[in-house]
Amino acid sequence: MVIINKKCIIGILILSISVSSGFCVELNNVIVSNCVKLNAKPFMLNDVRLLESPFKHAMDVEGAYLLSLEPDRLLHNFHKNAGLPVKGEIYGGWESMGVAGHSLGHYLSACSMMYASTGDQRFKQRVDYIIKELMICQDTRKTGYIGGIPNEDKIFEEVSRGDIRSRGFDLNGEWVPWYTEHKIWAGLLDAYELCNNETAKVIVVKLSDWAYRNFAQLTDEQFQKMLACEHGGMNESLAEVYAITGNQKYLELSKRFQHNAILGPLAAKRDDLAGKHANTQIPKIIGCSRRYELTGDRQDSTIASFFWETIVNHHSYVTGGNSERELLGQPDHLANQLSLQTTETCNTYNMLKLTKHLFSQNPMAKYADYYERALYNHILSSQNPDDGMVCYMVPLVSGGIKTYSTPFESFWCCTGTGMENHVKYGEAIYFKGVDESLIVNLYIPSILRWKEKGLVIRQESKYPEEGIVNFTIDEAAGDKIHLKFRLPWWSDQGMNIKVNGKKIKSVEDANRYVSVTRKWKKGDHIILDIPMHLYTESMPDDPQKGSILYGPMVLAAQLGTKNLDPVLDIPVLITDNRPIEEWLKRSDSQRLLFTTKNVGQPHDVELIPFYRMHHQKYMVYFDFFTKVKWEEKKVEYQAEINRLEVIARRTIDNIAIGEMQPERDHNLSGENSSIGESNGRKWRDASHDGWFSFEMKVIDKFPLELICTYWGSDGGNREFDILIDGEKLATQKLERNLPDKFFEVNYLIPEDMVKDKSKVTIKFKAHPKSFAGGLFGCKILKK
C-alpha cells in the first residue's frame, strides 16, 4: 500500500511528464521531495567541525591514509576495462581479485566526506580527478556502464538475456558484481552531494540508464534469481537517483531490487535471519527505509523498523556489533557465538546508516543510544590509532586480538567502509527538530554552524571518558531556540545542567531528552553533568556471562601478548553477586584504568576502555561465579590440569604450530600454506591442493598416537589426508565437529610406520578444492 499526500501527487504529475518526454539527464534541477515528513534532519557534514578528541584523531589518521593512496592505481581496472591505457599498477588484496573496483567507490565517498568534514581542498581535488577519469571511461565505452570487475561485460550480457547462475556469492561465476557496482553508484552520489560535482550526477544517471535498459525487461522470476547474489544497496542508490532526477523509472528499478526471500518475512514481522549472511541484508533494509521516505510505502517502513529492532535487541553484542563468521545466528543465542570472527565492521557501518534514517523519521532516544553504543565501542575500536588501518572483524572471544588491514595489500570490504567510518563522525551529532529545536544526540567535541539561525555552538569535553560536557554559544542572532540534550541509556542519576554558572531546572521528556529554552546570546555557557558509573550487562542466554561498562564505554581486560590456554589462562570473576563497586576499583586517577580486587581466578585483571585496546589480547565477556559455583567449577579445571599433566608425561614430541622457531626446528615445509591466530592459539592450514609437513620424533617398538588439535567451529571445504613418510595414516574432515570449542583427535600409529625410525615426516595434504586444517596443535605420545 502506498500512502500519497498532495506533495506526492504533484511529484507524480511532474514525473509523468518527464517519463513521457524521455528526459533524464536534463532534469538537473528537479528534486523529489520526501512524501514522509522527517521529524529530525541531520546537519550536513560541512556544518560541523570536530575538535580535539579520539574521534578527531581517528579522522586525521584516516585522512592521511586516504592521501597516501593513488587514484590511478584504484582506477587501474576501470581504464583497462574501457580499453584505455592504465596509469598506475593495480593494488593487491581484494582489488586484484573478483571484487576489484569496490574500493574506488568507497574512496570517492570517503574523500567526499573528508572534504565536507574539513574543507581540505586536497580531497575535493582527488574526487574531481577520479570523476573526470570515470567520465572518460564511460564516454569511451559508449554504453553508460563503468566498472573494474573481471569479465564484467560477459557477466552482465549473460544476465541481461536471462542466463542467470548464482550460488549466493557469485553471479555467473564472478564474485558479487552488483555489490561492487553499488559502491560506484554510492561514491558518485556522494561526490555529487558533498562536492557539488555535477559531472558525477551525469555519470550516475547514465549508469542508471544502462541498468534500466539492460535489466528492466527481466521477468520477476529472473530478477529474483539474480538477487540471490549479494547486491549491496542497489535499491537505495537507484532510489537516490530518482530523488535527484525526478525520473520514475529509477524508482521502478529500485523496486525491482526488492529481494523477496529476505524482505518478505521481515514485512510479515518474522525473524528468519538465522544462518543468513549479515551484511548482505543490511544495505537492502537501508534502501527500504530511504524509499519509504520518498514514497510513503508502509511496507518499506515495517521492514526497516522490524529489522532494526530484531538486530539491535536480539542479534547484537554489547559493542553494538553483530554476526559471527559474518553470519547471523538464532535470536538471543550469543553466549556460544564468540570467536575471532565476531562483529564484522561493515555490518555496524550499515546499521548506523539505517539508524540515522530511522531517527530522522522518528527521533527517539533508543536510536541515538544505539548509535552511541556502536559508534564508540565498535567503530572507534576498529581503527589502529597509530596508522589508520582498520579491522575486518572486531573479535569478542576471550583471548582475542584485533587484526588490522595493511595499507596497500588488503582492500577488504571493511577496508572500504573503514575509509568512510572515520571521516564522518560529525554526521549524527546534531539534528534539527521538527519544532526548529537543536537536538544534541552525541557528545563529541565539535563546532556546529546553524546558518539559518545564525547560531554557532561549541561543544567541548573529555567524553566518553568523563561526563562533563561544555557548550559555548560563539555566535547567536538572539532567537529563542530549544536545545534538547539526550539523556544516555546508561545514566541512572539524570543530568545536571548549569547555564552561565547557575543550576537550572530542566525538563526531561518521555523520550529522555532534556530541554533548555531561551534567547541565546554570544558567550552563553552551558554545562552538562552526566555522572558516570560502573555496571554490567549479561548475555541474553547466559546470565552468568557478561560485560563490564563505564558510562557509554565497554571495558576490556588486558591479557598481554603471550599464548593463552583457553581453559587455564582466561580469568573468571568470583564476585558472589556483590555490587560491582565492591570488587572493581579505579586504579589511575589520570586515565581510565580499573582493577579487579581479589575476585579474579587465576589472577585479577586490569580493564581499560575497549576503544583504547590495541596490540594485545583481551577479554570483553567475563564468566561470573559465586563461591559455591566456583568450587564446583574448580573440579573441571583440576581435571583438565591433571589431563594435561598425564599427556605431558606421555609426550615424545610436540610442535608449537605457527611459531617460527619451533617450526624451523621441526623442518617445516609446504605449499599454499598459511598461519594465523584464533581463540588464543596459533594455527596453520593449506589451501587449493596445498600441503604442509614437519618432522617429529618417534620411538620404535612402542605403541604410539598422533594427537591433533582442531577448532570445533571450522567447517566448509576442510577435508585432508594425514600421511606419515608418504603413507596415509587417516583422512580428516572438519564440519563444525564441536562448535566454539577446541577438540582433539587421536590417531593410532601402526607400528610398521615407525619401525627402526627415530623421526618421521607428518604431512597434511588438502583434498582438491579443499583446505587442510586449521591445525592448532600436534603431538606424538606413547599410547
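Keep in mind it's a predicted model, so treat the numbers as computed, not measured.

K.L.:
Tell me about the sheet that holds strand β24 (residues 651-655), residues and numbers included.
P.N.:
Pairing is antiparallel across the open sheet formed by four strands, whose spatial order is β24-β33-β27-β30. Looking at strand neighbours, the two that pair on one side only are β24 and β30 (742-749), the edges of this open sheet. For this sheet the average axis-to-axis angle between neighbouring strands, irrespective of direction, equals 20°.

K.L.:
I'd like a rundown of the packing of helix α13 (residues 260-267) against helix α15 (residues 298-314), residues and numbers included.
P.N.:
Where α13 meets α15, the axes come as close as 8 Å, and the angle between the chain directions of the two elements is 85°. Looking at the two axes, α13 sits roughly perpendicular to α15. On the side of α13, the interface is formed by Leu263, Leu266 and Ala267, while α15 contributes Gln299, Thr302, Ile303, Phe306 and Phe307. A class-by-class count of the residues in the contact of α13 with α15 yields six nonpolar, two polar and no charged.

K.L.:
Please give an account of the sheet that holds strand β8 (residues 480-486) that cites residues and values.
P.N.:
Taken in spatial order, the six strands of this open sheet run β1-β3-β4-β8-β12-β11, and their pairing is mixed. Every other strand in the sheet has two partners, leaving β1 (40-42) and β11 (507-508) as the edge strands with one partner each. Looking at chain direction, β8 and strand β12 (residues 513-519) are connected through seven bridges and run antiparallel. Within β12, the residue paired with Lys480 across the bridge is Lys519. Of the strands in this sheet, β1, β3 (430-433), β4 (438-440) and β12 are in contact with helix α16 (residues 345-361), which crosses β1 at around 140°. On the sheet, helix α17 (residues 365-379) packs against β8 and β12 and is oriented at approximately 60° with respect to β8.

K.L.:
Outline the side chain of Ser687, listing residues and values.
P.N.:
Residue placement: Ser687 occurs in strand β26 (residues 681-697). On the basis of relative accessibility, which here comes to 15%, the residue Ser687 falls in the buried class. Excluding anything up to four places from it in sequence, Ser687 contacts Asn672, Ser770 and Phe771.

K.L.:
Can you break down the environment of Lys701 residue by residue, with the values?
P.N.:
Tracing the backbone through its elements, the reader meets Lys701 in the loop between β26 and β27 (704-711). On the basis of relative accessibility, which here comes to 73%, the residue Lys701 falls in the exposed class. Spatially, the C-alpha atom of Lys701 lies 8.3 Å from that of Asp756, the residues being 55 residues apart in sequence.

K.L.:
Please provide a residue-by-residue account of the nonpolar core, values included.
P.N.:
One finds Trp178, Leu188, Met226 and Phe485 to be the most contacted residues of the largest nonpolar core, which totals 201 residues. Element by element, the count of residues in this core is highest for helix α8 (residues 177-195), at ten residues. Every residue in contact with Phe485, bar those within four places of it in the chain, is listed here: Val440, Tyr443, Phe471, Met495, Ile497, Arg512, Tyr513, Val514, Val516, Ile526 and Leu528.

K.L.:
I'd like a description of α8, backed by residues and values.
P.N.:
Look at α8: 27 Å from first C-alpha to last across 19 residues, which is about the 27 Å you get at 1.5 Å a residue. Of the residues trailing α8, Asn196 is marked for its positive phi of about 55°.

K.L.:
Report on the pattern of salt bridges, specifying residues and quantitative values.
P.N.:
Under the criterion given, the structure shown has 46 salt bridges. Glu133 is paired through a salt bridge with Lys132; the nearest N and O atoms lie 2.9 Å apart. For Glu133, a relative accessible area of 2% corresponds to the buried category. For Lys132, a relative accessible area of 43% puts it in the partly exposed group. For Lys366, the salt bridge is made with Glu309, and the minimal N-O distance between the two is 2.3 Å. Separated by 57 residues along the polypeptide, Lys366 in helix α17 and Glu309 in helix α15 bring together distant segments of the chain. The class for Lys366 is partly exposed, based on a relative accessible area of 31%. Salt bridges linked by common partners bring Lys154, Glu158, Asp163 and Arg165 together as one network.

Procedures and definitions
Residues numbered from 1 in each chain as written. Predicted model: local features only at pLDDT ≥ 70, side-chain atom pairs only at ≥ 80, totals over all residues. Heavy atoms only, no water. Pairing = 2+ DSSP bridges. Helix = DSSP H or I, 4+ residues; strand = E, 2+ residues; numbered from the N terminus. Axes fitted to C-alpha atoms, helices over the stretch in contact; angles between N-to-C directions. Parallel < 35°, antiparallel > 145°, perpendicular 65-115°, else oblique. Contact = heavy atoms within 4.5 Å. Nonpolar A, V, L, I, M, F, W, Y, C, P; charged D, E, K, R; others polar. Buried < 20%, exposed > 50% of the residue type's maximum accessible area, 1.4 Å probe, protein only. Core = buried A, V, L, I, M, F, W, Y, C linked by side-chain atoms within 4.5 Å. Expected span 1.5 Å × (residues − 1). Salt bridge = Lys/Arg side-chain N within 4 Å of Asp/Glu carboxyl O.

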